[in-house]
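So you can see what is in the structure, the chains are spelled out below.
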Amino acid sequence: MDCALRARSGYKACMGACTGVMATVRDVPEGVRDALAEEAREQGCSLQSLLLSVLNREAAFIGNRKLLADIECELERRRSRAGRARLR
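Because the structure is a prediction, the values reported are computed rather than measured.

Before going further, it helps to examine the overall build of the protein. On a plain count of helices and strands, the protein comes out with three helices and zero strands. What you see in the protein, going N to C, is helices and strands ordered as α-α-α. Surface exposure of the protein reaches about 7,600 Å², of which carbon and sulfur atoms provide 58%.

This part takes up the pattern of salt bridges. Taken as a whole and judged by the stated rule, the model has five salt bridges. Across the salt bridge formed by R78 and E74, the nearest N and O atoms sit 2.8 Å from each other. Linking R78 with E74, this pair stays in helix α3 (residues 47-87), spanning four residues, or about one helical turn. Of the residues examined, R78 reaches a relative accessible area of 52% and is grouped as exposed. In this structure E74 comes out as partly exposed when scored by relative accessible area, which is 26%.

The phi angle at D27 is positive, at roughly 60 degrees, despite the residue not being glycine. Inspection of the secondary structure puts D27 in the loop between α1 (3-9) and α2 (30-43).

What follows covers α2. Taking 1.5 Å per residue, 14 residues should reach 20 Å; α2 reaches 20 Å between its end C-alpha atoms and fits that length. Positive backbone phi, at 75 degrees, marks G44, one or two positions downstream of α2.

We now examine the confidence of the model for the protein. Per-residue pLDDT for the protein has a mean of 83; in total, 78% of the residues score no lower than 70. Within the protein, the element-level pLDDT minimum falls on α1, averaging 53, and the maximum on α2, averaging 97.

Our focus in this paragraph is the packing of α2 against α3. One can describe the packing of α2 onto α3 by two numbers: an axis separation of 8 Å at closest approach and a directional angle of 100 degrees. Judged by the angle between their axes, α2 and α3 are roughly perpendicular. Where α2 approaches α3, its residues L36, A37, E39, A40 and Q43 are matched on the opposing element by L47, L50 and L51. Residue classes in the contact of α2 with α3 are distributed as six nonpolar, one polar and one charged.

Taking 1.5 Å of rise per residue, the 41 residues of α3 would be expected to cover 60 Å, and the 60 Å separating its terminal C-alpha atoms lies within 8% of that figure. All of the buried residues along α3 are S49, L50 and S53.

Thresholds, definitions, all that
Residues numbered from 1 in each chain as written. Predicted model: local features only at pLDDT ≥ 70, side-chain atom pairs only at ≥ 80, totals over all residues. Heavy atoms only, no water. Helix = DSSP H or I, 4+ residues; strand = E, 2+ residues; numbered from the N terminus. Areas by Shrake-Rupley, 256 points an atom, 1.4 Å probe, with all protein chains shown as cover. Salt bridge = Lys/Arg side-chain N within 4 Å of Asp/Glu carboxyl O. Buried < 20%, exposed > 50% of the residue type's maximum accessible area, 1.4 Å probe, protein only. Expected span 1.5 Å × (residues − 1). pLDDT = per-residue confidence, 0-100. Axes fitted to C-alpha atoms, helices over the stretch in contact; angles between N-to-C directions. Parallel < 35°, antiparallel > 145°, perpendicular 65-115°, else oblique. Contact = heavy atoms within 4.5 Å. Nonpolar A, V, L, I, M, F, W, Y, C, P; charged D, E, K, R; others polar.

Next comes the structure, spelled out in structure tokens:
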């Protein structure tokens, strides 16, 4: 759920009800920070909420890439097996 939707729905992320880890990013260029802060303002949420949404989305993309790689390997295995069957 993006932070704008959370803000409109009244969703409060964790608010002490869940636990998570703290992550610190150092040496963020000022322009990057300003752009992210502006995006958060436009979406009606905090920078913290926007960054958490970005991290969650990236984590989901990692899982998607792994799934696609597994599918590609399976397809290649099937193509190889079909090619060997034609040679017989």
